[in-house]
Amino acid sequence: MILTMNILVIDGQGGGCGKQIISAIKKDKTIQGTIMAVGTNSTATAAMAKAGADRIATGTNPIVVCSARADVIIGPIGIVIANSMLGEITAEAAAAVANSSAVRLLLPMNQCDNIVIGVQDASLKVTIPALMEALHRLCVQDC
């Protein structure tokens, strides 16, 4: 079964996390839809564009607008914490993600003054496959 949805990937700093997320989604032919990548800075946006995002934007306002339109929002856990990611996530952006009706798939990143207790430090090589499993479970629930 193929799931079509609006997927929003949000990342900041160098965009490495978002780049790997988008690459994994693009390789999986059972998940189709529009991948909108929003970076908190132009470097992050460029990295996600290179990974194959369908649409790209940069900054707080695109996070606010796209969060309202997304079916699924994916990114590091800091996207729901105001002033996280070295201040790149504004209070407005964090609130937009947190208040969205989209399903949020948040990757635990124990960096930038945010430590998720009870979650072991795991590389993206571990968390990306878990993310893809979660996307597949959404497909089964929604289809």
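Please read all numbers here as calculations on a predicted model, not as lab measurements.

The rules behind the values
Residues numbered from 1 in each chain as written. Predicted model: local features only at pLDDT ≥ 70, side-chain atom pairs only at ≥ 80, totals over all residues. Heavy atoms only, no water. Helix = DSSP H or I, 4+ residues; strand = E, 2+ residues; numbered from the N terminus. Buried < 20%, exposed > 50% of the residue type's maximum accessible area, 1.4 Å probe, protein only. Contact = heavy atoms within 4.5 Å. Salt bridge = Lys/Arg side-chain N within 4 Å of Asp/Glu carboxyl O. Arc of directions from axis to C-beta. Lys, Arg positive; Asp, Glu negative; His and termini not counted. Polar contact = N/O pair within 3.5 Å; in protein donor to acceptor, adjacent residues only side chain to side chain.

> What should I look at first to understand the overall build of the chain in this one?
Along the chain, the regular secondary structure elements total six helices and five strands. What you see in the chain, going N to C, is helices and strands ordered as β-α-β-α-β-α-β-α-α-β-α. For the chain, buried positions account for 46% of its 143 residues. Sequence-distant contacts in the chain: of pairs separated by 6 or more residues, those separated by 24 or more amount to 70%.

> Explain the pattern of salt bridges to me, please; I cannot follow it from the model alone.
Under the counting rule described, the total for this entry stands at one salt bridge. Between lysine 26 and aspartate 54 there is a salt bridge whose closest N-O contact spans 2.9 Å. With lysine 26 in helix 1 (residues 16-27) and aspartate 54 in the loop between helix 2 (42-50) and strand 3 (55-58), the pair connects residues that are 28 residues apart, well separated along the chain.

> Can you help me understand helix 5 (residues 91-99) in this one?
Spacing of three or four residues puts side chains on the same side of an α-helix, whose turn is 3.6 residues. What helix 5 keeps buried is the set Ala93, Ala94, Ala96 and Val97. Projected onto a plane normal to the axis of helix 5, the buried residues spread over an arc of 160 degrees and lie on a single side.

> It is not clear to me how the side chain of aspartate 11 should be interpreted in this structure. Could you clarify?
Tracing the sequence through the fold places aspartate 11 in strand 1 (residues 3-11). Of the side chains bearing the opposite charge, lysine 19 lies closest to the buried aspartate 11, which forms no salt bridge; the N-O distance is 11 Å. A polar contact of 3.3 Å, which involves the side chain of aspartate 11, links it to the backbone nitrogen of cysteine 17. In this structure, aspartate 11 is in contact with Gly16, Cys17, Gly18, Val38, Gly39, Thr40, Ala44, Met48, Pro76 and Met85, ignoring residues within four places of it in sequence.

> Sorry if this is basic, but what is going on with the environment of methionine 48 here?
Along the chain, methionine 48 turns up in helix 2. Taking the C-alpha atoms as reference, methionine 48 lies 6.4 Å from glycine 15; in sequence the two are 33 residues apart. Ignoring anything within four residues of it in the chain, the contact list for methionine 48 reads Val9, Asp11, Gly15, Gly18, Lys19, Ile22, Ala37, Val38, Gly39 and Ala53.

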